[in-house]
Structure formats: C-alpha cells, structure tokens
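# Structure at a glance
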Amino acid sequence: MEPEELLNEEKNNEENKKESPLVSLEADLKFFNESIREVSVEIMMEGLSNYPIFIAHQHELKLGELILDRHDLNTEWSIHASTMEEFVEKGVIKEILKERFTKSYKNPYEFMCVFVVVPEGANFIYYPYVR
C-alpha cells in the first residue's frame, strides 16, 4: 500500500460505499416489487415450484428465464425467474444441501428469494415485498 492510499483511506471508503452494487440493487428490487411478486405467485399457483428464486445480475446469465431486462427498463439490474428445482438440476444447489435450503427458505408471499450474482461471487438474500 502506498502512503497516499493510507492518507486517503477515508476518501477511498466513501468511494467504495458509493459504488456498492447493493445500493442500486435495493432500488431496483423496490421498483420491480410488484412484477416479481406476480411471477412468484404464478410459479407457485401453476405448480411449477413452491420455491421461486429470482436471479439479479448485471451481465449475461444462462440460468432461469429473463423477466426484467435492465436494458429495456433503464435499470442497473436484470432479473431472471427460476426455481429451487432448476438450481438443483444445474448444480447451483447441491442435492445434499436441498433440504437445508428448503428449511431456510422464507415465506414466498412475504419475501422474494434473490440470488445475487456479482463479479466477486453470488449469494442468496431474502428481500421483503413492499406493501
């Protein structure tokens, strides 16, 4: 680390906070709230899955089905709809961890299950639907 970086550490922290993709993700999830809720209910009502998963990403992805395109909607994030079953089939969720996933899965009428994909990796979050 250079001495200039130490002196500017506070400034760098502020820049990093501003650049966090999670800030724009939260804004987009609020914007997409009703659309995601409708797709989630549709997935469950049609008997496709009791475990809908929405994939938030900012690049090309071959998992799930694109439902909200950031280019068309002028947002930061695109959203794909998927299911736990597809995640198991594609090996994203290992078969031996399926039961643990279902036990930790939150009420899909109150929370959207979002698999957030960023260059550093990916992780599940549960985001409450806005009423």
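Residues numbered from 1 in each chain as written. Predicted model: local features only at pLDDT ≥ 70, side-chain atom pairs only at ≥ 80, totals over all residues. Heavy atoms only, no water.

## Focus: the sheet that holds strand β2 (residues 65–68)
Strand order in the open sheet made by the five strands is β2-β3-β1-β4-β5, with mixed pairing throughout. The outermost strands of the open sheet, each flanked by one partner alone, are β2 and β5 (121–128). On average, each strand axis in the sheet is tilted by 35 degrees relative to the strand beside it, whichever way the strands run. Relative to strand β3 (residues 78–83), strand β1 (residues 52–57) runs antiparallel, the two being bridged by six bridges. Paired with Pro-52 across the two strands is Thr-83, which belongs to β3. (Pairing = 2+ DSSP bridges. Helix = DSSP H or I, 4+ residues; strand = E, 2+ residues; numbered from the N terminus. Axes fitted to C-alpha atoms, helices over the stretch in contact; angles between N-to-C directions.)

## Overview of helix α3 (residues 21–45)
The largest bend along α3 reaches roughly 60 degrees and is located at Phe-32. The complete set of buried residues in α3 reads Ser-24, Leu-25, Asp-28, Leu-29, Phe-32, Asn-33, Ile-36, Arg-37, Ser-40, Ile-43 and Met-44. Elements in contact with the buried residues of α3: β1, β2, α4 (70–73), β3, β4 (111–118) and β5. In the segment just after α3, Gly-47 is the residue with positive phi, at about 75 degrees. (Bend = angle between axes of the 7 residues up to and from the residue. Buried < 20%, exposed > 50% of the residue type's maximum accessible area, 1.4 Å probe, protein only. Contact = heavy atoms within 4.5 Å.)

## Considering the confidence of the model for the protein
Residues of the protein with pLDDT of at least 70 account for 85%, and the chain-wide mean is 87. Considering only residues more than four positions removed or in separate chains, one finds that residues 1–6, a stretch of pLDDT under 50, has two contacts. (pLDDT = per-residue confidence, 0-100.)

## Description of the pairing of β5
Note that β4 and β5 share eight bridges and pair antiparallel. Counterpart to Phe-111 in the pairing with β5 is Pro-128. The turn joining β4 and β5, which pair antiparallel and follow one another in sequence, is formed by two residues.

## Observations concerning the packing of aromatic side chains
Describing an aromatic ring pair means giving the distance of the ring centres and the angle of the ring planes. Counting across every chain of the model gives eight aromatic pairs. Summarising the aromatic geometry, the rings of Phe-87 and Phe-124 are spaced 5.8 Å apart at their centres and angled 45 degrees between planes, so their arrangement reads as tilted. Of this pair, Phe-87 sits in helix α5 (residues 84–89) while Phe-124 sits in strand β5, placing them 37 residues apart in sequence. By relative accessible area, which is 0% here, Phe-87 ends up buried. (Phe/Tyr/Trp six-rings, centres within 6.5 Å; stacked < 30°, edge-to-face > 60°.)

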